[in-house]
Amino acid sequence: MPGTNLTREEARTRAALLAVDAYEIELDLSSARAGGTFRSTTVVRFTAAEPGASTFIDLVAPAVTEIVLNGRALPLENFADSRIALPDLAAENELRVVADCAYTNTGEGLHRFVDPADGETYLYTQFEVPDARRVFANFEQPDLKAAFAFTVTAPAGWVVVSNSPTPEPVGDGDTRVWTFEPTPRMSTYITALIAGPYVGVFDSYDNGAQHVPFGVYCRPSLREHLDADAIFAVTRQGFDYFQEKFDFPYPFAKYDQLFVPEFNAGAMENAGAVTFRDQYVFRSKVTDASYEARAATILHELAHMWFGDLVTMEWWNDLWLNESFATFAEVVCQAEAPGSKWPHSWTTFANQMKTWAYRQDQLPSTHPIMAEINDLEDVQVNFDGITYAKGASVLKQLVAYVGQDAFFQGVRAYFKRHAWGNTRLADLLGALEEASGRDLRAWSAAWLETAGINVLRPELSVAADGTIESFAVLQEAPALPAGARGEAVLRPHRIAVGLYELVDGKLVRTDRIELDVDGERTTVPQLAGRKRPAVLLLNDDDLSYAKVRLDADSLAVVTAHLGDFADSLPRALCWASAWDMTRDGELATRDYLALALSGLQRESDIGVVQSVQRQVKLALELYADPAWRETGLQRWADAARSALHAAPAGSDHQLAWARTLAGAARTDDQLALLAGLLDGTAEIDGLAVDTELRWSLLGRLVATGRADEAAVDAELARDNTSSGQEHAATCRAARPTAEAKAEAWASVVDSDTLTNYVQDAVIAGFQQPDQRELLAAYTEKYFASVKQVWETRSHEISQQIIGGLYPAYAVSQATLDATDAWLAAADPAPALRRQVVEARAGVERALKAQAADR
Ligand SMILES: [Zn+2]
């Protein structure tokens, strides 16, 4: 029984049989304000290579009322198991399906949201991976491209946006009809519809020969916070950069960017109608790191218009390539586009993407970048750090290997050759081989078909007078966790070695040597006979993907002077290395804290500051020896308070430390400061206690029992928005009482009415590291319910619960044993097993790190 699954084999068979010409899709959304279901009518024309053969079309809907194939009505029983059986095809076919489809509140399919700020209804679609079939009947696989013509009936006065430019609506009375022009040929998963009383701001991209209309949309309740000009500016930069690098004009008729509520991902690359999570419309002051992240997302989605939308993977096994390319493109554009505000984007990449990749690659679930994707369930759990972050890191390594000019030359040929079509990895590698003259088979086998991270260590011998006698780079095979797929191998690495000296209190690079590392030991003769520098940094410039260790003398200098590197990238690499060693139990948590306390004082990159702040908190909660944990947490809270007072008024650092203190405060004195900031009796020069910061302060006061439900209600009255409701849900679930925990648990596990965002907010409040005793009872409850959650909830919703409610703070052998007992007894489906095994790995790692800290 396929359920809602589709196997690769089925997709292959169907693609061999069918060629899809066009869809006409009529959606009647006049029911949107009431909710429930909406009428969906699809007419699809397609040919069959083998007349008389049968196939099926995909649809997830509460009811089908009409199925007509080539003028002949088919029995409604042909609709079963999320498919409609289509027997006895002709050479040329026309199929008409009428269905009642459901609005969702999970962010999948056609999401329906009511804004508490104005009581209005807002809709948008989210179709990746297989959810267009929740809105209209279609052949849901990326290689069956077609033209899509949408006709939409919706309330008068609404804004309706799709892939094609929005037409003038017609009709009178309460509803209007929008008839969109057919799209170019595209895959189902990038079609889109956004409808509701959204507000738009308009501009365009013009370069003489080319005119592309731009629109930026959000809900009216966010309009005052929408900085459309900044969004247009980044978008325009991307248009200039990508059109030149790709040598291919933007392929669609217009470019709309829509900020929509309760969006599960960061954004989605619907052709010409990109949707973004609307937290990117900043209601309160955020640091520059948030603006940088938003710009990166804008560029990422824009890059997908070519890589993904114009040229599309044949099947989901190349999802990694799709995402890695867009991620690489976003970073290189930020680094190189004239006028970019974030030319240090490779620092951010090292700091965030690499950290994510290294973490994911050490989980028991790690896998080669080229994953076996046999069906849709495989792909849904594969939106992970390997697909996005390791893939992008390895692509960066590939660019270093073939050279950036050859890389873009190959990409240009690839777009021209495959425009509007579907491809496999080999098509891109072939184009790159032609452009670079390099054979990429060995590279591909070593990097894409194996799992895990190599460790690079320096091997150094220094004479008494400080002269280097010999220097080599040692490479270790990945320590693959038990059960991991793939073989542990050594790989070819293109790396740089940086030589740093202390000059006037700054660590300055005095030389750089670039080389190929291959095998277990690679000697670097260029360094012999030279004076030993203060720091020798492997993988300088972050060209390769590897864990890097420092020699003892370099480590001592870095520990004392981490904040003194003149450039942000080597600082980020050293921060990452220290974090890595802490996670691996090679650096005690208390020593990592000491390093952070000294280094953060001089760290100017706000993105790095905020990452390290998060990591310190995590290390203290999970990796510190429990007997010392309270001391560490005290020290951290004291440091946050001092740093908050010392930071320049109105600076990003001040805001970052205020947020850190809001999460860390524990003494009466510190909590009183939070309360004072909240009620206005305390002030810190330059610190705006705005909506979001107020919720952070209140959240901590509630979790520590210093503020009650009435205070939450009062705050919600001040901020009666959807974000306010989510924060209030977090606060209520964070109350330190058994009743509050039981209520939160029941609302998530025993009931299925919460929206994706409110559920996420409740889970965030429920899990409080300071409330380990209250949470202890829930380990057993978790294992008693997790399988049923998996079986009865949508993919998004169950993923939130399985990962979010796992007893991650119960770091003990008992938690591991309970997990193992459940794994043995429950015989979970692979995707469920994977999620629980990943959560278990966090506890196992924490136990080891605690032992190291002891
Ligand atoms: Zn993407």
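Residues numbered from 1 in each chain as written. Predicted model: local features only at pLDDT ≥ 70, side-chain atom pairs only at ≥ 80, totals over all residues. Heavy atoms only, no water.

### A closer look at the sheet that holds strand 6 (residues 79-80)
Strand order in this open sheet of three strands is 3-7-6, and the pairing throughout is antiparallel. Each of the sheet's edge strands pairs with one partner strand only, and the pair in question is strand 3 (55-58) and strand 6. In terms of strand pairing, strand 3 meets strand 7 (residues 83-86) through four bridges, oriented antiparallel. Residue Ile 57 lies in a different strand from strand 7, and its bridge partner there is Ile 84. Each of strand 3 and strand 7 is contacted by helix 1 (residues 8-17), which is oriented at about 110° to strand 3, the strand it contacts most. (Pairing = 2+ DSSP bridges. Helix = DSSP H or I, 4+ residues; strand = E, 2+ residues; numbered from the N terminus. Contact = heavy atoms within 4.5 Å. Axes fitted to C-alpha atoms, helices over the stretch in contact; angles between N-to-C directions.)

### Considering empty space enclosed by the protein
Counted by the stated rule, this structure contains eight cavities of 30 Å³ or more. Counted as a void, the largest cavity has a volume near 170 Å³. Forming the walls of the largest cavity are 16 residues, and the residues nearest its centre are Ala 546, Val 548, Leu 573, Ala 576 and Ser 577. Tallying contributions element by element places helix 12 (residues 568-583) first for the lining of the largest cavity, with five residues. When its residues are assigned to classes, the lining of the largest cavity shows 10 nonpolar, two polar and four charged. (1 Å grid on protein atoms, 1.4 Å probe; cavity = no way out; pocket = protein on both sides within 12 Å on 5 of 7 lines; lining within 4 Å. Points joined across faces, edges and corners; volume = space filled by probe spheres on them. Nonpolar A, V, L, I, M, F, W, Y, C, P; charged D, E, K, R; others polar.)

### Section: unusual backbone geometry
Look at the link from Glu 128 to Val 129: it is a cis peptide, with omega at 15°. On the secondary structure map, Val 129 appears in the loop between strand 10 (121-126) and strand 11 (147-155). Phi at Asn 70 is positive, roughly 50°, even though this residue is not glycine. Residue position: Asn 70 is located in the loop between strand 4 (63-69) and strand 5 (72-73). Using a relative accessible area of 36% as the deciding quantity, one classes Asn 70 as partly exposed. (Buried < 20%, exposed > 50% of the residue type's maximum accessible area, 1.4 Å probe, protein only.)

### Some remarks on the packing of helix 16 (residues 652-664) against helix 18 (residues 691-703)
Interaxial distance between helix 16 and helix 18 falls to 8 Å at its minimum, and their mutual angle equals 20°. In this view, helix 16 runs roughly parallel relative to helix 18, as classed from their interaxial angle. Both helix 16 and helix 18 take part in a crossing whose hand is left-handed. Only Glu 692, Leu 693, Ser 696, Leu 697 and Arg 700 of helix 18 make contact with helix 16, whose side of the interface consists of Ala 658, Arg 659, Ala 662, Gly 663 and Ala 664. Taken together, the residues of the contact of helix 16 with helix 18 sort by class into five nonpolar, two polar and three charged. (Parallel < 35°, antiparallel > 145°, perpendicular 65-115°, else oblique. Left-handed = near helix turned anticlockwise from the far one by under 90°.)

### So, the packing of aromatic side chains
One pair of aromatic rings is described through two measures. These are the centre distance and the angle between the planes. Applying the stated rule across the entire model yields 54 aromatic pairs. Considering the side-chain rings of Phe 202 and Tyr 217, the 5.7 Å spacing of their centres and the 80° angle between planes classify their relative orientation as edge-to-face. On the criterion of sequence distance, the pair formed by Phe 202 in strand 15 (residues 199-206) and Tyr 217 in strand 16 (residues 211-218) is long-range, its members being 15 residues apart. Residue classification places Phe 202 among the exposed residues on the basis of a relative accessible area of 56%. (Phe/Tyr/Trp six-rings, centres within 6.5 Å; stacked < 30°, edge-to-face > 60°.)

### What to know about the coordination of the zinc ion
Geometry reference: four tetrahedral donors at a metal, ideal angle 109.5 degrees. Six octahedral donors, ideal angles 90 or 180 degrees. Taken together, the protein donors to the zinc ion comprise His 300 (NE2), His 304 (NE2) and Glu 323 (OE), at separations of 2.0 to 2.1 Å. The class for His 304 is buried, based on a relative accessible area of 0%. Accessibility expressed as a relative area gives 1% for Glu 323, which makes it buried. (Donors = N, O, S within 2.8 Å, 3.2 Å for Na, K, Ca; no water.)

### Looking at the pairing of strand 25 (residues 506-517)
Summarising the sheet, strand 24 (residues 493-503) and strand 25 pair through 11 bridges and their orientation is antiparallel. Considered in strand 25, the bridge of Val 503 is made with Lys 506. In this structure, the hairpin formed by strand 24 and strand 25 is closed by a connection of two residues, where Asp 504 is found at a positive phi of approximately 50°.

### Considering the pattern of salt bridges
Applying the stated criterion across every chain yields a total of 59 salt bridges. Between Arg 12 and Glu 9 there is a salt bridge; the shortest N-O distance is 3.0 Å. One end of the pair, Arg 12, and the other, Glu 9, are both in helix 1, three residues apart, so they sit about a helical turn from each other. Overall, the relative accessible area of 46% leaves Glu 9 in the partly exposed class. Two residues, Arg 512 and Asp 541, come together in a salt bridge whose shortest N-O distance is 2.5 Å. Here Arg 512, found in strand 25, pairs with Asp 541, found in the loop between strand 27 (535-540) and strand 28 (547-548); they are 29 residues apart in sequence, far enough to count as distant. The exposure class of Arg 512 is partly exposed, given its relative accessible area of 30%. A single network of salt bridges, built from pairs that share partners, joins Arg 494, Arg 509, Arg 512, Glu 514, Asp 516, Asp 540 and Asp 541. (Salt bridge = Lys/Arg side-chain N within 4 Å of Asp/Glu carboxyl O.)

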